[in-house]
Amino acid sequence: MQIRDAEDADLDGLQALEARSFASDRIARRSLRRLIDGPSASLRVAVKRGELQGYHLVLFRKGSLVARLYSIAVDDRHRGAGVGASLLADALSVARDRGCDVLRLEVREDNAAAISLYERRGFTPIGRYADYYADGTDALRYEKTLATVRKRRSK
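Conventions and cut-offs
Residues numbered from 1 in each chain as written. Predicted model: local features only at pLDDT ≥ 70, side-chain atom pairs only at ≥ 80, totals over all residues. Heavy atoms only, no water. Phe/Tyr/Trp six-rings, centres within 6.5 Å; stacked < 30°, edge-to-face > 60°. Buried < 20%, exposed > 50% of the residue type's maximum accessible area, 1.4 Å probe, protein only. Lys NZ or Arg CZ within 6 Å of the ring centre and 35° of its normal. Salt bridge = Lys/Arg side-chain N within 4 Å of Asp/Glu carboxyl O. Helix = DSSP H or I, 4+ residues; strand = E, 2+ residues; numbered from the N terminus. Pairing = 2+ DSSP bridges. Axes fitted to C-alpha atoms, helices over the stretch in contact; angles between N-to-C directions. Contact = heavy atoms within 4.5 Å.

Asks: Give a description of the packing of aromatic side chains that names residues and reports values.
Replies: Note on aromatic pairs: each is described by the distance of the centres and the angle between the planes. Taken as a whole and assessed by the stated rule, the structure comprises three aromatic pairs. Plain terms: the ring middles of Tyr129 and Tyr132 are 5.2 Å apart, the flat faces sit at 15° to each other, and that makes the pair stacked. A relative accessible area of 32% places Tyr129 in the partly exposed class. In textbook terms, an aromatic cluster arises when at least three aromatic residues are bridged by ring pairs, as seen for Tyr129, Tyr132 and Tyr133. Note that Arg98 overlies the ring of Phe60, its terminal NZ or CZ placed 4.2 Å from the centroid. Over the ring of Tyr133 we find Arg108; its NZ or CZ atom is 5.4 Å from the centre of that ring.

The structure is reproduced here in structure tokens:
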């Protein structure tokens, strides 16, 4: 399996994966297209033998040392094969490479598999958003420290 930056040629596969993975709160094709080349995002895909197996989307805010794992999805046919863990490791690496100290995310409180993955990889809970998703499900907030937090200079 290879994890690489998403390309325009991946749009059909990304859109199909969104539709299969999420009942609501999907990323629109137009947004996916903008995110591929967007300076404030990293959209990366896991591909094996030409087949899109999953993706992750990390967002960055100018001047912030906190990155956000906005979305991660693995095709049902490839679950349990380590694709999600590989994508998460890549997301952590991308955030580190961009100079971020922390990676944060939200996850549906009923997504036990994702919660287990995040906790096994050292993410800690930091809060909850009530009624966060379109269907009214709450989101749990997690974060992981990526580097030694820089000391702020006082004047």
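Asks: I'd like a rundown of the pattern of salt bridges, residues and numbers included.
Replies: Going through the model one piece at a time under the given rule, you end up with 16 salt bridges. Between Asp5 and Arg44 there is a salt bridge, and its shortest N-O distance comes to 2.8 Å. Highlighted residues: Asp5 in strand β1 (residues 2-5) and Arg44 in strand β2 (residues 41-48), separated in sequence by 39 residues. Looking at Asp5, the relative accessible area reads 48%, which means it is partly exposed. Take Arg44: its relative accessible area is 15%, and that puts it in the buried class. Where Arg29 meets Asp12, a salt bridge forms, and the shortest distance between an N and an O atom there is 2.9 Å. Separated by 17 residues along the polypeptide, Arg29 in helix α2 (residues 29-37) and Asp12 in helix α1 (residues 11-21) bring together distant segments of the chain. On the accessibility criterion, Asp12 (54% relative accessible area) is exposed. Shared partners join several salt bridges into a network, and the residues in it are Arg20, Glu51, Asp75 and Arg77.

Asks: I'd like a description of the sheet that holds strand β3 (residues 51-59), backed by residues and values.
Replies: Within the open sheet, the seven strands sit side by side as β1-β2-β3-β4-β5-β7-β6. Their pairing is mixed. Each edge of the open sheet carries a strand with a single partner, namely β1 and β6 (124-129). Ignoring strand direction, the axes of neighbouring strands in this sheet form an average angle of 25°. With eight bridges joining them, β2 and β3 adopt antiparallel strand pairing. Looking across to β3, one finds that Arg44 is bridged to His56. Where α1 meets the sheet, its contacts fall on β2, β3 and β4 (66-74), and the angle it forms with β3 comes to roughly 85°. Packed onto the sheet, helix α4 (residues 112-120) meets β4, β5 (102-108) and β7 (139-145) and runs at close to 160° relative to β5.

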